[in-house]
Amino acid sequence: MTRTGRCLCGDITYDLDGDLIATAVCHCDHCQRQSGGAFSVNLIAQESQLTVRGELTTFEDRGELDDAVHVRRRFCGRCGSPIVSVLTAPAGIVAVKAGTLDDRSEVSPTVEAWCEHKQPWVQLPAMAVSLARE
Ligand SMILES: [Zn+2]
Ligand SMILES: [Zn+2]
């Protein structure tokens, strides 16, 4: 299965091939700030499954505790749409932003992370995996 997507202005388009590792909601502070929303919805896959056309701009997102680059947040420099986050550990894993898909009807999150940062009004269906740090 190949999914297609694009940014708001259309300068960036992509194909995402094959099966997903997971579909994950992320409630972390950085995803809320980058998206301007309450959480991000991410299609987790191998980097080799993703083909991007157009020039992405990259923000190196550093950890608050160790100052290391944990995620490269890549977005359209013209319209600002977040397209994909590339993880540094495990390397080669990408989180494609589900809101940029052309067809969002198949999106079905089963994992949620950083639940300790979940906004109090957010109510989602129960997930198979729900991660929080104490
Ligand atoms: Zn754009
Ligand atoms: Zn996040």
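Refer to the structure printed above.
What you see is a predicted model, and the numbers here were worked out from it, not measured in a lab.

Student: Just to check I follow, could you spell out the layout of surface pockets for this structure?
Tutor: Gaps between atoms show up when a probe of the same size as a water molecule is rolled over them. Volume-wise, the largest pocket comes out at about 980 Å³. In terms of lining residues, the largest pocket is bounded by 36 residues, among which Cys26, Cys28, His70, Val71 and Trp114 are the most central. Of all the secondary-structure elements, those providing two or more residues to the lining of the largest pocket are β3 (22-26), α1 (29-35), β4 (40-46), β6 (56-62), β7 (69-76), β8 (82-87), β9 (93-97) and β10 (111-113). Of the residues forming the lining of the largest pocket, the biggest block, four residues, is contributed by β3. Looking at side-chain class alone, the lining of the largest pocket contains 19 nonpolar, eight polar and nine charged residues. Estimates place the volume of the second largest pocket at around 180 Å³. As for the second largest pocket, its lining consists of Cys31, Gln34, Ser35, Phe39, Ser40, Val41, Arg73, Pro82, Lys97, Ala98, Gly99 and Thr100. When residues of the lining of the second largest pocket are traced back to their parent elements, those giving at least two are α1 and β4. Counting residues per element, the lining of the second largest pocket draws most heavily on α1, at three residues. Class assignment for the residues of the lining of the second largest pocket results in five nonpolar, five polar and two charged.

Student: Help me understand the pattern of salt bridges, please; the structure alone is not making it clear to me.
Tutor: Two side chains with opposite charge may pair up if their charged atoms get near one another. Going through the model one piece at a time under the given rule, you end up with seven salt bridges. Two residues, Lys118 and Glu112, come together in a salt bridge whose shortest N-O distance is 3.5 Å. Connected through shared salt-bridge partners, Glu60, Arg62 and Arg72 make up one network.

Student: So what exactly am I meant to see when it comes to the pairing of strand β2 (residues 13-17) here?
Tutor: Consecutive side chains along a regular strand alternate between the two faces of the sheet. Because side chains alternate across β2, one face comprises the buried residues Tyr14 and Leu16, and the other comprises Thr13, Asp15 and Asp17, none of which is buried. Sheet analysis places strand β1 (residues 2-6) next to β2, joined by five bridges and oriented antiparallel. Looking at β2, one finds that Arg6 is bridged to Thr13. Taken together, β1 and the strand that follows it, β2, pair antiparallel across an intervening segment of six residues, in which Gly10 is found at a positive phi of about 95 degrees. Sheet topology places β2 next to strand β5 (residues 50-53); four bridges connect them, and they run antiparallel. By the bridge assignment, Tyr14 is partnered in β5 with Val52.

What counts as what
Residues numbered from 1 in each chain as written. Chains lettered and ligands numbered in written order. Predicted model: local features only at pLDDT ≥ 70, side-chain atom pairs only at ≥ 80, totals over all residues. Heavy atoms only, no water. 1 Å grid on protein atoms, 1.4 Å probe; cavity = no way out; pocket = protein on both sides within 12 Å on 5 of 7 lines; lining within 4 Å. Points joined across faces, edges and corners; volume = space filled by probe spheres on them. Helix = DSSP H or I, 4+ residues; strand = E, 2+ residues; numbered from the N terminus. Nonpolar A, V, L, I, M, F, W, Y, C, P; charged D, E, K, R; others polar. Salt bridge = Lys/Arg side-chain N within 4 Å of Asp/Glu carboxyl O. Buried < 20%, exposed > 50% of the residue type's maximum accessible area, 1.4 Å probe, protein only. Pairing = 2+ DSSP bridges.

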